[in-house]
Amino acid sequence: MGAGRAARRTGADDRDAGGSGPGEHDLLRTLAWALAYAAAAALGRMTVVGDAGVSLVSPAAGVSVLWLVARARPWPWVDVAALWLTSVVVLALTGEQAASALLLSTAVTLQAVLCVAVLAWFAPHLWAGRGRVPLERLSDLWWLLLGAGGAAVLTAPLAQVAVHLGGGGSTWETPLLWFARNTVSVVTIVPLGWTVGAWLVERRARAAAREPSDRRTDGRAADRLAALVLAPLAYLLWFLQGTQPAVVFPLIVLTVWAASRLPVRWVVLHTTLCGGVVVHLTLMGSGPFAHLPNPVTQIGVAQLYVGLLAVIGLALALAGEERRRLVRELSTARDRAQEQAALLTAVVDTMSEGVRVVDASGRVVVRNPIAARLLAGTSRLDPSDSTSDLLGLARPDGSPLREDELPFRRALAGQEVRDLDLLVRVPGQSEPRFVSFSATPIPAESGGGVVTVLRDVTLHRTELRRAAQVQASLLPARRLEVPGFDLAARFVPAGSVGGDFYDWQRLPGGLVLTMADVMGKGPAAAILAATTRSVLHAHSDPQDVAGTLTATEQAMDVDLVNTGAFVTMFHAFVDVDDGEVAYTDAGHGLSLVVRADGGVERLAATGLPLGVAPGPERVEARTRLGPGDLLLTFSDGVLDALGGSVADLDQVPQAVRGTTTADAAAEAVLALVGDPGHAEDDLTVLALRRTAPVGAPVVPSPSSEDVTTRSA
């Protein structure tokens, strides 16, 4: 294989060096091939006998194919023309008549072109190798045999016509001899030439790389000696005895033995040497085939025998090479698979998450140590029970889990399982733990099954519980009783703790309202929200809403920068005497005043969120609440649940029209969300309705119970 690649590279270099037309070196190489072909053709012409009109052997047929494969690019017409002209000259010099010489030369050239065309189309790697790539596949041999035999059959009629024009007889022996000698010549000489070419390229590459010569230490020296010396000697002794043709076929066993023991290159040499002995002794009138009626039949059958010998030997050797190559590739693939499996096992075993893999039937095939520890602790697992490590699973509330609710069962049934928290009671441990399960089905084409990743979230849930306590502590404990006003709020926490909070304070002559949202979720957002609330309460003049936000931002500047967070906020002071509202909106923008007459005033943001661009003083804006007017402010979780666009805010005024209390208005806003339990963010609504002018009878609030906080 390495010699083949080197040959292809060398061939490419030769083509690149050729330029746009035949150069001096190309013409010299063409001349060298012409001389070699002429010598082979002249040698064959020495065996012309009887009425056949063609030579009994034709080494030139094999040499012509080697020539065109090696030299037919990039200017094929040059070498094809040189081949035809050389054939004409040799035939003319050896006594062939002009018309017959022209037709025979055409037949010889056409046969070589057809054979090479088959190789170029069906075995392009041999064509691209330019005579420097050996036979490597069994299919190469069949294409070579098809090209040689098919071309000989197609050109045999032309050869018959040439013999007839030359004064020879028109018998069946001529096409038979033409087919036998040319096919066998190609099948024996071409593999020999390619083997020698590949060996020369390999040797040259070793010399260029200064590698040591290939000294055989495989213990096959005796086999090579037997195949290259003893086998031809056996043929020699057998043929000198002059036995009958039938008894020569047992000698094929020698070739079968050689093909089973040696590489292809040595089998090529073996069949060439044995075939040469057979043909040479038959030409001399010795051997089993000498008993046949005439020289044409004798040499024709002898060459068919040589062709059979070459095909059997090469087929067995190439099949053996392919089998050994396949075994090596499979062995390499197995070793790589084992290495990958060992690497994967090491990775899985050292993961901080648990990994549990089951097949399509639910049987556990992989379970890393973390998964075993999370599910079964130090107890012994039952290898025959695929669910023995899942017996301690329960819902987060402690209720038992059914078999079909197990994460891997749900995944096998086609359900999506992501971050499912379950309670695990581990044998030998007093306290249960919470484990998060994410199960992913394995594609059916990969065998099916489920991969489940487990994470211990006990500490995380503890932190969330503490953060939830912090977040709950930010909310007012009781509803305020403000004459002339009705105040209510709703808070529905999402699955994770966020940074939403609302607040109200009763001051002499007024009411302070706050709606804030800290960017992010989890304990960090809750802690930052608590800090924001504390700073707001610490301001000396609560009625100065703009100054309060400016001072809060300055006080929290370091914390906001360090955490990379920001806070959106609506902060307002409501004068309970005349209903005037002074407010500052730091990037919140989700506050509305729904008038008693149905009009809507949106309170736009007056600045950027806290922490985005600290420095400028905050700006105050004012509006006024008349009797029956409703002030609504809500978190961005409500906006996201409504659709996420500003246009979706139009749903809110429509929902609260017709409500008579702040509590009903807040409930109506939440009703727009649908199922609050599936919201991805906290839902917070703060509502303030002015019920009557100052001095008028105050409409009592529906109840004085604690502010409603609903759990998702």
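Relevant structure appears above.
Here's what I pulled together on the structure shown here. (Residues numbered from 1 in each chain as written. Predicted model: local features only at pLDDT ≥ 70, side-chain atom pairs only at ≥ 80, totals over all residues. Heavy atoms only, no water.)

A look at the packing of aromatic side chains
Where we set the bar: Here a Phe, Tyr or Trp ring, Trp counted by its six-membered ring, pairs with any other such ring whose centre lies within 6.5 Å, and the pair is stacked when the planes are under 30 degrees apart, edge-to-face when over 60, and tilted otherwise. The numbering of helices and of strands both runs from the N terminus, where a helix is a DSSP run of H or I of at least 4 residues and a strand a run of E of at least 2. Relative accessible area decides the class of each residue, using a 1.4 Å probe on protein chains only: under 20% of the type maximum gives buried, over 50% gives exposed, and in between gives partly exposed. The criterion for a charge sitting over a ring is simple: Lys NZ or Arg CZ within 6 Å of the ring centre, and within 35 degrees of the ring normal.
This model, assessed by the stated rule, comprises eight aromatic pairs. Ring centres of Tyr 235 and Phe 239 lie 6.3 Å apart, and the angle between their planes is 40°; this geometry places the pair in the tilted category. Of this pair, Tyr 235 and Phe 239 both sit in helix H9 (residues 221-240), four residues apart, which is roughly one turn of that helix. When sorted by exposure, Tyr 235 lands in the same class as Phe 239, which is buried. Here the basic side chain of Arg 356 rests over the ring of Phe 408, its NZ or CZ set 5.2 Å away from the ring centre.

Things to note about the environment of Pro 476
The residue Pro 476 is located in the loop between helix H15 (458-473) and strand S7 (485-492) in this model. Residue classification places Pro 476 among the buried residues on the basis of a relative accessible area of 12%. Sequence separation between Pro 476 and Ala 489 is 13 residues; the distance between their C-alpha atoms is 9.6 Å.

A look at the pattern of salt bridges
Rules: A pair is scored as a salt bridge if a Lys or Arg side-chain nitrogen falls within 4 Å of a carboxyl oxygen belonging to Asp or Glu.
Throughout the structure, instances matching the rule amount to 23 salt bridges. Here the residues in one salt-bridge network are Asp 578, Glu 580, Glu 620, Arg 622 and Arg 624, joined through shared partners.

Description of empty space enclosed by the protein
Rule in force here: Both cavities and pockets are sets of points on a 1 Å grid over the protein atoms alone; in a cavity a 1.4 Å probe fits but cannot get out, in a pocket the set is open with protein on both sides within 12 Å along at least five of seven lines, and lining residues sit with an atom within 4 Å of a point. Grid points are joined across faces, edges and corners, and a volume is the space filled by probe spheres set on the points. All amino acids are sorted into three groups, where Ala, Val, Leu, Ile, Met, Phe, Trp, Tyr, Cys and Pro are nonpolar, Asp, Glu, Lys and Arg are charged, and the leftover types, Gly among them, are polar.
Enumeration over the complete set of coordinates arrives at four cavities of 30 Å³ or more. Lining the largest cavity are 19 residues, with Arg 45, Ser 58, Leu 91, Val 108 and Arg 181 positioned closest to its centre. Counting only elements with at least two residues in the lining of the largest cavity, the list comes to helix H2 (24-45), helix H3 (59-71), helix H4 (76-93), helix H5 (98-122) and helix H8 (173-209). With four residues, H2 is the largest single contributor of residues to the lining of the largest cavity. Of the volumes computed, that of the second largest cavity is approximately 40 Å³. Together, Arg 356, Leu 375, Leu 390, Pro 407, Phe 408, Phe 437, Thr 452 and Leu 454 line the second largest cavity. Within the residue set of the lining of the second largest cavity, elements represented by two or more residues are helix H14 (407-412) and strand S6 (450-456). Grouping the constituent residues of the lining of the second largest cavity by class yields six nonpolar, one polar and one charged.

Points about the packing of helix H11 (residues 264-283) against helix H12 (residues 295-349)
What counts is decided by this rule: To get an axis, a line is fitted to the C-alpha atoms, and for a helix only the part in contact is used. The angle between two axes follows their N-to-C directions and goes from 0 to 180 degrees. Oblique is the label for any angle not under 35 degrees, not over 145, and not in the 65 to 115 range, which are roughly parallel, roughly antiparallel and roughly perpendicular in turn.
For the pair H11 and H12, the least separation of the axes is 9 Å and the interaxial angle reads 170°. By the angle class used here, H11 and H12 are roughly antiparallel. Within the contact of H11 with H12, the residues separate by chemical class into 16 nonpolar, six polar and one charged.

Geometry only, nothing functional implied.
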